[in-house]
Amino acid sequence: MALGEERAAGAPEDGAEDEVLARGSALEAFGESAETRALLGRLREVLGDRAAREGALERFRVIMDKYQEQPHLLDPHLEWMMNLLLDIVQDKTSPADLMHLAFKFLYIITKVRGYKTFLRLFPHEVANVQPVLDMFTNQNPRDHETWETRYMLLLWLSVTCLIPFDFSRLDGNLLTQPGQTRMSIMDRILQIAEAYLVVSDKARDAAAVLVSKFVTRPDVKQKKMAGFLDWSLHTLARSSFQTIEGVIAMDGTLQALAQIFKHGKREDCLPYAATVLKCLEGCNLPDSNQTLLRKLGVKLVQRLGLTFLKPRVAKWRYQRGCRSLAANLQPRAQGPEGSQMPAETADCDSDGDYDVPEDVESVIEQLLVGLKDQDTIVRWSAAKGIGRMAARLPRELADDVVGSVLDCFSFQETDNAWHGGCLALAELGRRGLLLPSRLEDVVPVILKALTYEEKRGSCSVGTNVRDAACYVCWAFARAYEPRELQPFVAAISSALVIATVFDRNINCRRAASAAFQENVGRQGTFPHGIDILTAADYFAVGNRANCFLVISMFIAGFPEYTQPMIDHLVAMKINHWDGVLM
């Protein structure tokens, strides 16, 4: 029954899965170079034939989609593909439909490779600023057939904003006739950015990128940053997440603000941070049913928090020192040359004169609320924010943050809080901000999280909590010296073995197996680690019946694991609500 259910749930057979994985990593180079060059070379010919045009687009999309998992294989070919398409765009004799078609092809490449890699390939000389701006005059933001054109133009404009010259030098004489003045280039770019931050298509994302690169320029920030931030706060204040228009406007504005506070210099953004935080609190984003708005709110609030705190490397953090796996596998007799002293003996004198603004408390509170959000992407963003903030706090305050995170592991809390708490602990441990003295408080809650399950109706919740708990164990294996985890080896190893063979979810079994493997390699203290890994590898634990009937019997032969496995089966599985496991 267990085997039948596993396959019914969509788990492929072992042989088929091996074959799929092998095929998935078989690509070694971009093999359609000649076909792609021919496809891009005949765009002018297919323009008049709708069927041929759509066929060429679809064929190009199929070619590119093959490289979604290995987009780096496209890198040697990006430049010539881009040049072929930009030649069409920059040719003044090209009809508008051909230009739009070229931008559609450019967008498909960008979608696969990512816009950050693509940006540096755009022409970004001084001579490109005016032509790109002029192309916007013919664009209709309400034309949903050509949104790719506007998206790519905004990205192109964002990279031309990086030219190292004051934009006022490009304006020339703004007086065209007596009493009439032309709009400066600086004003034109800002007007375009503000207009596209509130559109309903993907051009909104590119407009946020444009704003972050434009407003943070040395010449622009003095004249336009305050005005743009004022416009942004007014947009947030008058928008409501109860309406579609309000959600769109808030989405674009929050993206722009988050990127400005990420890429801008701290001394430039600090005067506005408190005002932005106050406006953000007034938006009540945690009450919104829009996941993306809540995520952007968490992202922005952590960027504001990092603006309040000076960039610093906490001297009190735990530093493992050498983390090379090859060095770890060398004989222990060589001594811990790469290790540094644990955080308890670190110099903390710098914390005494460090002033923490009052607004930081509000930021931490909002991030802790984000850890309990109903959506994973919000919780994950909040967990990263907790880690980044704690890295800039004095030791005592960071320890208070750890204590607040541990409050998430109450049985009065939902599975969302448990999941967010696990993500935050993993992030803190990975960054060396969870001191060894805290492990005696942390390890027990992680062991509970490894078996967390709550029945709800005819199903249960807790799979994501158990998966995140495995991630914590994986992160701890990389973060701490073996001597720090030595007191907890028996408990952690037994819990991971139990999750590897007895968890009802295939992803949790595989996550536990990966965490166990990381501990065996990095710590080297798990009893019979290599023997267990050989039997309970990634593919072997994919079959539930094999785990329960074969692998568990093999592992139970090691006395260190026999009693914990029996205790788990008696306490958790013998009366389990899922009859298949009984």
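The following paragraphs examine the structure supplied in this document. Remember, it's a predicted structure, so these values are computed and weren't measured experimentally.

With respect to the helices, strands and loops of the structure, Ser494 is situated in helix α25 (residues 489–502). The class of Ser494 is buried, set by a relative accessible area of 9%. The contact partners of Ser494, leaving out residues within four places of it in the chain, are Glu560, Tyr561 and Pro564.

Before going further, it helps to examine the nonpolar core. Most often, soluble globular proteins keep nonpolar side chains buried together rather than apart. Grouped together as the largest cluster of nonpolar side chains are 184 residues, with contacts concentrated most on Met64, Phe122, Phe167 and Phe214. With eleven residues, helix α7 (residues 96–113) is the largest single contributor of residues to this core.

Tallying each qualifying case throughout the model produces 28 salt bridges. For Arg188, the salt bridge goes to Asp134, with nearest N and O atoms at 3.5 Å. A residue pair is termed long-range when its members are at least 10 positions apart, and Arg188 in helix α11 (residues 185–196) and Asp134 in helix α9 (residues 129–136) qualify at 54 residues. What makes Asp134 partly exposed here is its relative accessible area of 34%. The shortest N-O distance in the salt bridge between Arg430 and Glu427 comes to 2.6 Å. Here Arg430 and its partner Glu427 are both found in helix α21 (residues 415–430), three residues apart, which amounts to about one turn of the helix. Classification of Arg430 by relative accessible area gives partly exposed; the value is 39%.

Inspection of every chain in the model, using the stated rule, returns 20 aromatic pairs. Considering the side-chain rings of Tyr107 and Tyr151, the 5.5 Å spacing of their centres and the 85 degrees angle between planes classify their relative orientation as edge-to-face. With Tyr107 in helix α7 and Tyr151 in helix α10 (residues 147–160), this pair connects stretches of sequence that are 44 residues apart. The exposure classification of Tyr107 matches that of Tyr151, with both residues buried.

Rules behind the numbers
- Residues numbered from 1 in each chain as written.
- Predicted model: local features only at pLDDT ≥ 70, side-chain atom pairs only at ≥ 80, totals over all residues.
- Heavy atoms only, no water.
- Helix = DSSP H or I, 4+ residues; strand = E, 2+ residues; numbered from the N terminus.
- Buried < 20%, exposed > 50% of the residue type's maximum accessible area, 1.4 Å probe, protein only.
- Contact = heavy atoms within 4.5 Å.
- Core = buried A, V, L, I, M, F, W, Y, C linked by side-chain atoms within 4.5 Å.
- Salt bridge = Lys/Arg side-chain N within 4 Å of Asp/Glu carboxyl O.
- Phe/Tyr/Trp six-rings, centres within 6.5 Å; stacked < 30°, edge-to-face > 60°.

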